[in-house]
Amino acid sequence: MDLWSKKVPGIITQVLLILISSHWATTGEICHSPLVSNLLPSSFRSSSHLSGSHGPGFAKLNRREGAGGWSPLSSDGYQWLEVDLGERTHITAVATQGRYGSSDWLTAYLLMFSDTGHNWRQYRQEDSIDAFPGNTNADSVVQHKLQHPVIARYVRLIPLDWNPNGRIGLRLETYGCHYNSDVVSFDGRSSLLFRLSPRPRQMALESISLKFKTLWNSGILLHAEGHSEHSLTLELEKGKLLLLLRKGKTLQILTHHLVSLGSLLDDQHWHDVTVEHHSTHLNLTVDKNTLHHKHPHGVTVAQVLQYKMWFYVSVGSHRNFKGCLENLVYNGVNLVDLAKQEDQRGNVTFSCSEPVFVAMTFTSPESFLCLPGVTEPSSTGASVGLQFRTWNKAGLLLTFDLPKHGGTVWLYLSRARLHLQIHKSGRAPLELSAGSALNDGQWHSVELMSRRGHLTVTVDGDEGASAHASPSFPVTTGSQLFFGGCPPEDSSPECLNPFRVFQGCMRLLAVDDQLVDLIMVQQRMMGNYSHLQIDMCGIIDRCSLSHCEHGGSCSQSWSTFHCNCSTTGYSGATCHSSIYEQSCEAYKHKGNTSGYYYIDVDGSGPIRPQLIYCDMTGSRHTHQTHTHPTHTHIKHTSNTHHHSAHFEYSSEEEQLAAIITQSEHCEQELTYHCRKSHGPPLSWWVGGPGGGQVQTHWAGAPPGSQRCACGLQESCVDPKHHCNCDADRTEWANDSGLLTHKETLPVRSLVLGDVHRPGSESAYKVGHLRCHGDKNVWNAAFFDKETSYLHFPTFHGELSADISFLFKTTSSSGVFLENLGIKDFIRIELSSSTEVLFSFDVGNGPLEVRVEAGSPLNDDRWHRIRAERNVKEASLRLDELPAATQEAPADGHIHLQLNSQLFIGGTASRQKGFRGCIRSLQLNGVTLDLEERAKITPGVQAGCPGHCSSYGSLCQNQGRCVERPDSFSCNCSPSAYTGAFCDREVSASFKPGTSISYTFEEPNRSSSALPDTTLRAENISLSFRTSQSPALLLYVGSHRREYLALLLNKHDKLEVRYRLDSTKDAEVLRSKVRNLANGQLHAVTISRLADAVSVQVTHTHTHTHTHNSLKYTFQSVLNSGDLDPELSRIASLGFTGCLSAVLFNSVSPLKAALLHQDTSPVIVTGPLVQSICGSTSANPYAAETTHHLSGQSGSVGTGQPLVNAVRSDSALIGGTIAARLFSSIMIS
């Protein structure tokens, strides 16, 4: 037939093109009719009943017949009430009530559903909440609307808790409406074929929807082919649904694996599947979870749908589907119903026949099942079989004693392998193992067989693995077999379990080839059990829709899941929080130096971290490289009228856009040289976000101006043109400069026209994109009153929420942030002067996380708070203190549902508000613009000064912190170092002819005498590296003959020479450290305060000596002839080596010579080369501090402080002393 289908035995049983879910009710229909009230008593069943008048048939809502409701014989956790609705029905709500006129009612219960009265499925809210709240008295009705409506025939309610002063008592009602169903069953050999010819009208949104249920974890559900021989396939593989796209006819070679979704879909429950085809992508939905996927390159769904389309449903193959399909709908056409009308049955039945496999769930460490063994053990052997599924790597499956105390058998999982151990007194243990990766959640079969002295353990039958042994004793089952675990020791001493208990599902238990009737076990007619759920498998795949973010890998056990974040760049229980800073600015203000850093511009957001270069020495922090950073020379060519270049950047598009947006300033150099050029409109460039837009302005001009910098400055070579390169001159012209308008950056391509003209020539270079500043880091607001606050839209952090900010205050308490819902809330507050409190409620009751500081937090210094809440835990971190954490309830509510405004700095009640500053507030990686909102809010000021109190310590090496309106900077003028934090040493390489002379102040020569002054303190420090000895490192002299000289003597030891009185010889202080001329870096510090002097070489302890204070004046002139002969000889040798970080009090002569020579009183003689020779990377020598007692010379170990008053008005570094005039400088 050429309309829909033919009988095609031996063709595949599945179809898929694009799915959309079928509707259970007409649009607008209210599905809330009572379903129980009109049922006959025979529709009710229960685990037991107290009496005839307490039977299940009396459990109808608001009815008073019999004893006014159902009550079981015993009130315990193994009771249940079941209702048969007669057919599969759409169920939307359930209501409960206690037994009329009694003290009997439920306070909590579980809700189960089934199509067959077996294989029950537990209803879960939010995929984690099990229990429904019940009643508080016998008469009121408590109704719960199901978040996800259910389609089922049978409803079972299991009491969990009840009135402690009564017993279990129940009346109930369910609500819903009729459900339309067209079902087809496949046995693994049957099939349906639909040929759509002519093809139905193509729609903008094409879809296929269906439901399926099966006990088998693999099989092709649906296959669709088009005239182009491309095909789409929907296939079940290991319990997951795959959407496949293939090129060509073959079904064996997978060309494109598009997406996979779902897990444990072989649970014999109905699952909804929808495939939707849009113009550019496919949507696959399984049980309300959707994945979006773009078409792979070269193959589109449209190719499958061209001309003819064939649907094969369950075509003959070893991968055939075995199970039931329901409501298979393609673009609104019910294909199953159509097949019924045309009587096109490809060996299928239009009903769902399914086998009954009764499973049981071992839910807790107390779970076990005890079954009786065979009454007369066979002398030839025994067999035990079962199937199990679990996520745990370890657990006891089975144990029993050999008859007549002959030993013990354990069958258990360890490291996801099956192990058998048999312990028999007087013999070595017998051990076997088989299988691997048995904790994958799939059903695995196990068989233990002992026959005629041969013992075999088999996993997964013929397709699995087995292990064999030939014990010298018979292995037969004893009087009892224990599955999953053991009862408490006092109740069953014969069962011992040295292994972990089993948590998972079992089914098809067989002892000596006889299947165990688990329904009889459930009814307590056979065996014994505890903490079992019988006739259901409650396994949950917690990794199917993984809560592990940012690519974290998910693993799981029976009760929880874990995220491995090791390779993601994120941390936390769900890999939510980035381990990287969001900008170079943030790294800079942590004290980091220039280098490559990973930047995560949106924190916990979806944009991936990127490795970029951060220049911390100046204002250009972030460098973004591209593919063509070099100069390109373009000469005249007659082959084309233009030259174009495209620039690809190292960062992804969203990363690049985010960096530009959050930066305070961005710039990109565009160098353009030309001759014989007409320029615009023949030349342009493309820049900006996305693909960019055509830009006609050039460096130095505003966007859209069609000008260059010279056009704005009216300095172009030809006044008639707005750019130099417009003038068509034969000589070279230049229109170069910086592009600084962020909205036009980065430069993505460049087009140069007019290159075909004879003589035309040009050269260009597009520099790297450079950005600096972070608008988010310093975005702050000051809250002046406790009643002041800022408000923002509702915070949406349903499953993951991270909040970070900095604060400073002088108040002892106040609420930083609050957002409320109907019942849920989230709040962060300063609860006391030393404690921060993070609290929230997602429906499980308030949860609090506290961090106690070791010192007051109201110290008017910046403190950082980072709070995170996810489905596994909540954490709170204050500054660099260890994070405090609280685990979330294992099966509690997980969605944070808020609906009010977000309040910052206060609360909705305007109580407990915060007074102080809040800065850099980010919620899930998004920065809130506090400053903009503060500008329009009374009682709140934009910005917050006072950063040096917190960050002044970042200014190193005597650098001074300087306040800025929105940040701070370091003034390095009093330091021998430079850089953003005065942390970069200033070093130079010296040669014998090199010297630096620094004059502090010229004397007033007309004065008859200089004033009598006293120098009471000086501090001198430097580092050196040399292989020369002897060598003069530093000389400081005054107008008189007093001086200080620092040198290496001929024994490679350090000497400090003082001459405090021109009438006396110099005093010499020698270091004990040898071999200082070893080419390694050594640091020297000389300090004097009043009558104490210390000299420290690198890092040793300080030893001091005391002496009377000296006063002296500087009136004489010093020249090289004033030096003693030995010092003059050493000075004449010059210095070869490295000097670094030279500082005399607040003057750095070396830095002045290298960086500020034009503005400093410094004279440089000979070659002076700046270098990085002052690096401390190689300095293996121990340090020594040496001190000198006035009036003595030589090495000194310990003693009293020394007084030396040395007045220095000139300094000479690293070379021959030049004859100069030095005037006095007053230092107090």
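The shown structure was predicted, so the numbers you read here are calculated from the model rather than taken from an experiment. (Residues numbered from 1 in each chain as written. Predicted model: local features only at pLDDT ≥ 70, side-chain atom pairs only at ≥ 80, totals over all residues. Heavy atoms only, no water.)

**Digging into the overall build of the protein**
Under the convention used in this document: Only runs of H or I of at least four residues qualify as helices and only runs of E of at least two qualify as strands under DSSP, and these elements are numbered from the N terminus. Any residue under 20% of the maximum accessible area for its type is buried, any over 50% is exposed, and the rest in between are partly exposed; the area is computed with a 1.4 Å probe on protein chains only. The criterion used for residue contact is that any of the two residues' heavy atoms lie within 4.5 Å. Per-residue and other accessible areas follow the Shrake-Rupley method at a 1.4 Å probe size, with only the shown protein chains counted as cover for residues.
Each helix and strand in the protein was counted, giving 10 helices and 85 strands. Residues counted as buried form 55% of the 1228 residues belonging to the protein. Of all intrachain contacts in the protein linking residues separated by at least 6 positions in sequence, the fraction that spans at least 24 positions is 71%. Roughly 52,500 Å² of accessible area belongs to the protein as shown, and the carbon and sulfur atoms make up 50% of that amount.

**Structural notes on a nonpolar patch on the surface**
Cut-off, in case you're wondering: In this scheme, patches are assembled from residues that exceed 30% relative accessible area and form no salt bridge. Like charges are connected within 9 Å, while nonpolar side chains (Val, Leu, Ile, Met, Phe, Trp, Tyr) are connected within 5 Å. Basic side-chain nitrogens of Lys or Arg form a salt bridge, by our definition, when they fall within 4 Å of a carboxyl oxygen of Asp or Glu.
Taken together, the side chains of Tyr596, Tyr598 and Leu611 make up a nonpolar region of the molecular surface, amounting to roughly 350 Å² of accessible area. Considering the arrangement of structural elements, one finds Leu611 in strand 43 (residues 610-614).

**Side note on the UniProt feature "domain: EGF-like" (unreviewed entry) in the protein**
The cut-off we apply is this: UniProt positions are given in the numbering used here, feature names are shortened, and annotations may be inferred rather than shown by experiment.
Mapped onto this numbering, the UniProt entry annotates "domain: EGF-like" (unreviewed entry) at residues 539-576 and 945-983. Annotation note: span residues 539-576, helix share 0%, strand share 26%, distance between end C-alpha atoms 26 Å. Taken as a whole, residues 945-983 contains 10% helix and 26% strand, while its terminal C-alpha atoms sit 24 Å from one another.

**Here we look at the nonpolar core**
Counted only if it meets this: Take the buried Ala, Val, Leu, Ile, Met, Phe, Trp, Tyr and Cys residues and link them wherever side-chain atoms come within 4.5 Å; each set so joined is a nonpolar core.
One finds Leu369, Phe483 and Met506 to be the most contacted residues of the largest nonpolar core, which totals 44 residues. For Met506, the residues in contact, after removing those within four places along its chain, are Val358, Ala359, Met360, Phe362, Leu386, Gln387, Phe388, Leu397, Trp443, Phe483 and Gly484. Grouped together as the second largest cluster of nonpolar side chains are 41 residues, Phe816, Leu817, Leu878 and Ala934 included.

**Overview of the sheet that holds strand 48 (residues 684-687)**
For clarity, the cut-off: In this scheme, strands are said to pair when DSSP sees at least two bridges between them. To obtain each axis, a line is fitted to C-alpha atoms, and for helices this fit is confined to the stretch in contact; angles are then taken between N-to-C directions over 0 to 180 degrees.
Spatial strand order, 46-52-48-49: four strands in an open sheet with antiparallel pairing. In this open sheet, the two edge strands, each paired with only one partner strand, are strand 46 (642-646) and strand 49 (693-695). Along the sheet, successive strands turn relative to each other by an average axial angle of 20°, direction set aside. As defined by bridge partners, strand 48 adjoins strand 49 across three bridges and the pair is classed as antiparallel. Looking across to strand 49, one finds that Trp685 is bridged to Gln695.

**Side note on the confidence of the model for the protein**
Applied cut-off: For every residue, the predictor states its confidence as a pLDDT score lying anywhere from 0 to 100.
The pLDDT averaged across the protein works out to 82; a share of 83% of its residues lies at or above 70. This stretch, residues 1-28, has a pLDDT under 50; its non-local contacts, to residues over four places away or in other chains, come to 142 contacts. In this model, residues 305-311 is a region of pLDDT below 50 whose contacts with residues beyond four sequence positions or in other chains number 42 contacts.

**Some thoughts on the packing of aromatic side chains**
Put simply, the rule is: Pairs were defined over the aromatic rings of Phe, Tyr and Trp, the Trp ring being its six-membered one, requiring ring centres within 6.5 Å. Orientation was assigned from the angle between planes: stacked under 30 degrees, edge-to-face over 60, tilted for the rest. Geometrically, a lysine NZ or arginine CZ counts as sitting over a ring once it is within 6 Å of the ring centre and also within 35 degrees of the ring normal.
Applying the stated rule across the entire model yields 27 aromatic pairs. Their ring planes at 85° and their centres at 6.0 Å tell us that Trp778 and Tyr951 sit as a pair that is edge-to-face. With Trp778 in the loop between strand 53 (761-772) and strand 54 (780-783) and Tyr951 in helix 8 (residues 948-951), the pair connects residues that are 173 residues apart, well separated along the chain. A residue is classified by how much of its surface remains accessible, and Tyr951, at 13% relative accessible area, is buried. One Lys or Arg, Arg507, reaches over the ring of Trp443 and ends 4.0 Å from the middle of that ring.

**Some remarks on unusual backbone geometry**
Following Leu745, the chain continues to Pro746 via a peptide bond in cis, the omega torsion being 5°. Mapped onto the secondary structure, Pro746 falls in the loop between strand 51 (737-739) and strand 52 (747-753). One non-glycine residue, Asn331, lies in the positive phi region at around 50°. Counting through the fold element by element, Asn331 comes out in the loop between strand 21 (322-330) and strand 22 (333-334). Judged by relative accessible area, which is 15%, Asn331 ranks as buried.

**What about the state of the cysteines?**
What counts, and what does not: Throughout, a disulfide means two cysteine sulfur atoms within 2.5 Å of one another.
This structure, assessed with the given rule, holds 17 disulfides. Here Cys948 connects covalently by a disulfide to Cys961, the sulfurs 1.9 Å from one another. Its torsion about the S-S bond being -85°, the disulfide of Cys948 and Cys961 is classed as left-handed. Note that Cys948 is positioned in helix 8 and Cys961 in strand 68 (residues 960-963), a separation of 13 residues in sequence. Judged by its relative accessible area of 19%, Cys948 is buried. The partly exposed category is assigned to Cys961, whose relative accessible area is 24%. Two residues share a disulfide in this structure: Cys1138 and Cys1173, whose sulfurs sit 2.0 Å from each other. Its S-S torsion of approximately 75° makes the covalent link between Cys1138 and Cys1173 right-handed. Pair noted here: Cys1138 is in strand 81 (residues 1137-1144) and Cys1173 is in the loop between strand 83 (1168-1171) and strand 84 (1184-1186), with a separation of 35 residues, a long-range link.

**Remarks on the pairing of strand 77 (residues 1054-1059)**
Along strand 77, six of the six residues are buried, which leaves the element largely enclosed by surrounding structure. Residues Leu1054, Val1056 and Tyr1058 line one face of strand 77 and the alternating positions Glu1055, Arg1057 and Arg1059 line the opposite face, and both faces are buried. Where strand 76 (residues 1043-1048) and strand 77 come together, six bridges link them in antiparallel fashion. Counterpart to Leu1048 in the pairing with strand 77 is Leu1054.

**Some remarks on the sheet that holds strand 60 (residues 847-852)**
If you walk across this open sheet you meet the six strands as 55-64-57-58-59-60, and the pairing is antiparallel. What marks the edges here is a single partner per strand, and that holds for strand 55 (790-792) and strand 60. Each strand axis lies, on average, 15° off the axis of its neighbour in the sheet, ignoring direction. Pairing analysis gives six bridges linking strand 59 (residues 835-841) to strand 60, with the strands arranged antiparallel. Bridge pairing links Leu837 to Arg850 in strand 60.

**Some points on the pattern of salt bridges**
What the rule picks out here adds up to 29 salt bridges. With its nearest N and O atoms 3.0 Å apart, the salt bridge here joins Lys935 to Glu932. Judged by relative accessible area, which is 44%, Glu932 ranks as partly exposed. Each of the salt bridges in this network shares a partner with another, and the network as a whole consists of Arg88, Asp115, Lys213, Glu326 and Glu354.

**Points about helix 9 (residues 1125-1132)**
Cut-off, in case you're wondering: Each direction from the helix axis to a C-beta atom contributes to the arc, which is the arc of those directions.
Taken together, the buried positions of helix 9 are occupied by Leu1127, Ile1130 and Ala1131. Down the axis of helix 9, the sector holding all buried residues measures 100°, keeping them to one side. Lining the buried residues of helix 9 we find strand 75 (1031-1037), strand 76 and strand 77. Directly beyond the C-terminal end of helix 9, a positive phi value near 75° is found at Gly1134.

**A short note on empty space enclosed by the protein**
Taking a probe equal in size to a water molecule and rolling it over the atoms shows the remaining empty space. Quick reminder of the rule: Each cavity reported here is a set of points on a 1 Å grid over the protein atoms alone in which a 1.4 Å probe fits but cannot get out, each pocket an open set with protein on both sides within 12 Å along at least five of seven lines, and each lining residue one with an atom within 4 Å of a point. Grid points are joined across faces, edges and corners, and a volume is the space filled by probe spheres set on the points. Each residue is assigned to one class: nonpolar for Ala, Val, Leu, Ile, Met, Phe, Trp, Tyr, Cys and Pro, charged for Asp, Glu, Lys and Arg, and polar for all the others, Gly among them.
If you walk through the whole model with that rule in mind, you get nine cavities of 30 Å³ or more. Estimates place the volume of the largest cavity at around 110 Å³. Every residue lining the largest cavity is counted, 13 residues in all, and those nearest its centre are Asn119, Asp267, Trp443, Arg507 and Cys537. Grouping the amino acids of the lining of the largest cavity by side-chain chemistry returns six nonpolar, three polar and four charged.

**Observations concerning the side chain of Ser102**
Selection rule: Each polar contact in these results corresponds to two N or O atoms within 3.5 Å; when the atoms are within protein, one needs to be able to donate a hydrogen and the other to accept it, and residues that are neighboring in sequence are counted only if both atoms are side-chain atoms.
With respect to the element layout, Ser102 can be found in the loop between strand 4 (81-97) and strand 5 (106-114). We classify Ser102 as buried; its relative accessible area is 17%. Polar contacts involving the side chain of Ser102 include one to the main-chain carbonyl oxygen of Arg99, which spans 2.6 Å.

**Observations regarding the layout of surface pockets**
Estimated volume of the second largest pocket: approximately 1,300 Å³. For the second largest pocket, the lining is made up of 46 residues, of which Glu581, Ser804, Arg864, Arg866 and Glu880 are closest to its centre. Broken down by secondary-structure element, the contributors of at least two residues to the lining of the second largest pocket are strand 41 (577-578), strand 56 (801-808), strand 61 (863-869), strand 62 (873-878), strand 65 (916-923) and helix 8. Looking at the lining of the second largest pocket, its residues break down into 15 nonpolar, 18 polar and 13 charged.

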